[in-house]
Amino acid sequence: MYRIAVTGCGIAGSTVAYLLAQRGHRVTVLEQAETCRPIGAGIMIQTSGQQVLQRMGLLEGLLPLSARLDGMTADLVSGRRLIRLDFQRLNSKCYALGVHRGTLFDLLLNCCRESGVEIVNGFRAIRFDSHQGRICSSDGRSFGEFDFLIVADGSRSELRNSLGISASITEYAHGALWATGPCDYQPDRLFQVVDGTHRLIGLLPIGRGASSYFWGLPNASWPTLATADFNQWREQAIELCPPSASLLKQLSGFGDFTFGTFRSVAMHVAFGERFVFIGDAAHAMSPHLGQGANLALEDAECLVDCLENSTDPATAFRAFHRIRRKRIRFYRQLTALLTPFFQSDGSWRAPLRDLALPWMPYLPWIGSQMLYTLSGTKRGWFR
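Described below are features of the structure shown in this document. Everything numeric here is computed off the predicted structure, so don't read it as measured data. (Residues numbered from 1 in each chain as written. Predicted model: local features only at pLDDT ≥ 70, side-chain atom pairs only at ≥ 80, totals over all residues. Heavy atoms only, no water.)

1. Quick look at helix H1 (residues 11-22)
Then, in step 1: In this model, H1 (twelve residues) spans 17 Å end to end at C-alpha, consistent with the 16 Å of a helix rising 1.5 Å per residue.
Then, in step 2: Burial of H1 is extensive: eleven of the twelve residues sit out of reach of the surface.
Then, in step 3: Three or more residues of H1 are buried, namely Ile11, Ala12, Gly13, Ser14, Thr15, Val16, Ala17, Tyr18, Leu19, Leu20 and Ala21. (Helix = DSSP H or I, 4+ residues; strand = E, 2+ residues; numbered from the N terminus. Expected span 1.5 Å × (residues − 1). Buried < 20%, exposed > 50% of the residue type's maximum accessible area, 1.4 Å probe, protein only.)

2. A word on the pattern of salt bridges
Side-chain pairing between opposite charges can occur once the charged atoms of the two side chains come close.
Then, in step 1: Going through the model one piece at a time under the given rule, you end up with 17 salt bridges.
Then, in step 2: For Asp139, the salt bridge is made with Arg141, and the minimal N-O distance between the two is 3.2 Å.
Then, in step 3: Here Glu298 ties to Arg327 by a salt bridge, and the two come within 2.8 Å at their closest N and O atoms. One end of the pair, Glu298, is in helix H10 (residues 292-308); the other, Arg327, is in helix H11 (residues 313-338), and 29 residues separate them in sequence.
Then, in step 4: Within this structure, Glu298, Asp299, Arg324, Arg327 and Arg379 form a network of salt bridges that share partners. (Salt bridge = Lys/Arg side-chain N within 4 Å of Asp/Glu carboxyl O.)

3. Focus on the sheet that holds strand E11 (residues 142-143)
Then, in step 1: Within the open sheet, the three strands sit side by side as E9-E10-E11. Their pairing is antiparallel. Two strands in the sheet have a free side with no partner beyond their single neighbour: strand E9 (125-129) and E11. (Pairing = 2+ DSSP bridges.)

4. Considering the packing of H1 against H10
Then, in step 1: Axis separation between H1 and H10 bottoms out at 8 Å; the angle between their running directions is 30°. Taken together, the axis directions place H1 and H10 in an arrangement best described as roughly parallel. For the element pair H1 and H10, the recorded crossing hand is right-handed. Where H1 abuts H10, its residues Ile11, Ala12, Thr15, Val16, Leu19 and Leu20 lie against Ala293, Ala296, Leu297, Ala300, Glu301, Leu303, Val304 and Leu307.
Then, in step 2: Residues that form the contact of H1 with H10 fall into these classes: twelve nonpolar, one polar and one charged. (Axes fitted to C-alpha atoms, helices over the stretch in contact; angles between N-to-C directions. Parallel < 35°, antiparallel > 145°, perpendicular 65-115°, else oblique. Left-handed = near helix turned anticlockwise from the far one by under 90°. Contact = heavy atoms within 4.5 Å. Nonpolar A, V, L, I, M, F, W, Y, C, P; charged D, E, K, R; others polar.)

5. Points about the packing of aromatic side chains
Then, in step 1: Inspection of every chain in the model, using the stated rule, returns 18 aromatic pairs.
Then, in step 2: On the numbers, 5.5 Å between centres and 80° between planes, the contact of Phe148 with Phe317 is edge-to-face. With Phe148 in strand E12 (residues 148-151) and Phe317 in helix H11, this pair connects stretches of sequence that are 169 residues apart. The same class applies to Phe148 as to Phe317, namely buried.
Then, in step 3: Where Trp233 meets Phe257, the ring centres are 5.6 Å apart and the plane angle is 90°; that geometry is what we call edge-to-face. Of this pair, Trp233 sits in helix H7 (residues 230-240) while Phe257 sits in the loop between helix H8 (245-248) and strand E17 (258-266); the two residues are 24 residues apart in sequence, bridging distant segments of the chain. Considered together, Trp233 and Phe257 belong to a single accessibility category, that of buried residues.
Then, in step 4: Through a chain of ring-to-ring contacts, three or more aromatic side chains come together here, namely Tyr213, Trp215, Trp222, Phe230, Trp233, Phe254, Phe257 and Phe259.
Then, in step 5: Directly above the ring of Phe330 sits Lys378, whose terminal nitrogen or CZ lies 5.6 Å from the centroid. (Phe/Tyr/Trp six-rings, centres within 6.5 Å; stacked < 30°, edge-to-face > 60°. Lys NZ or Arg CZ within 6 Å of the ring centre and 35° of its normal.)

Dropping the structure here:
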């Protein structure tokens, strides 16, 4: 039995903590927020993530709290179809789940508490002493001794520098406004509207008659927009995406939105003898392929399996890195390649995208590879 510290109580951290506690390990989760509570917007749980949740015994409980999605559709502001992908072309039983991130988090957090995971709030981890197994916070507190540390505290983890881990970090110039609420429009798919490369608008059904709305925009334009006339902006937003009308009409101002920025994190080596990085702490990406939560779930399950099948943590971390390396690299590289074609200052990319993308799902091999990628079941560029 190991004594394990996990920094971060997000999807990756809570999943790995629960799975380890189930196997008899003593797990302490150190979370910088003062209270663990459901936050965030809608996410898509693809086939890959569903498989992990099913093995955890949580999928059945999540189904009635989610929306079944049979694919995704994107239209240009002109009304012309840009792309349509249908999971049934891949497999008649293949679908995604649209769900509020907080709903999944609640399920995972309850599992952690019921399995005896110790959760410490208000602890911003900044340093880990690998020799003593002690982890220190920004306010001088420390916990230990732990056998090893799992770093799952997101893309802005402060532990990389103290552990001597180098990372390539890209701050995207575009982000998104997010809001969630009841919506009359409940399609069986993610619906998006694309306006060049400066605006990306979407509706994601998340179950129980609600949807998650997002409005992509340059980060630099948010302070100006936040002081603009909300009613005027809302009229424009509804004109661009009419299905969003019922959701947007319930909002009273920009204060009802959450503004989020995107960043990419790439780490050549994400582990040491007594620590390992997982989830966004190891490989954050922009959300355009919708794989963040699925990769986090897979990371947690794979790491726990490696620990079960290895004689010591260091061997398990090397095995984990070897198993996950190609898959993570594929999604990171593809996300970096595609993101500028949907949100960037490179307006010249839009005509190329609009010309090629409508045909790609119907081309032999390429169409199926797009579906494998979206469903989260593609293992690498040629796997």
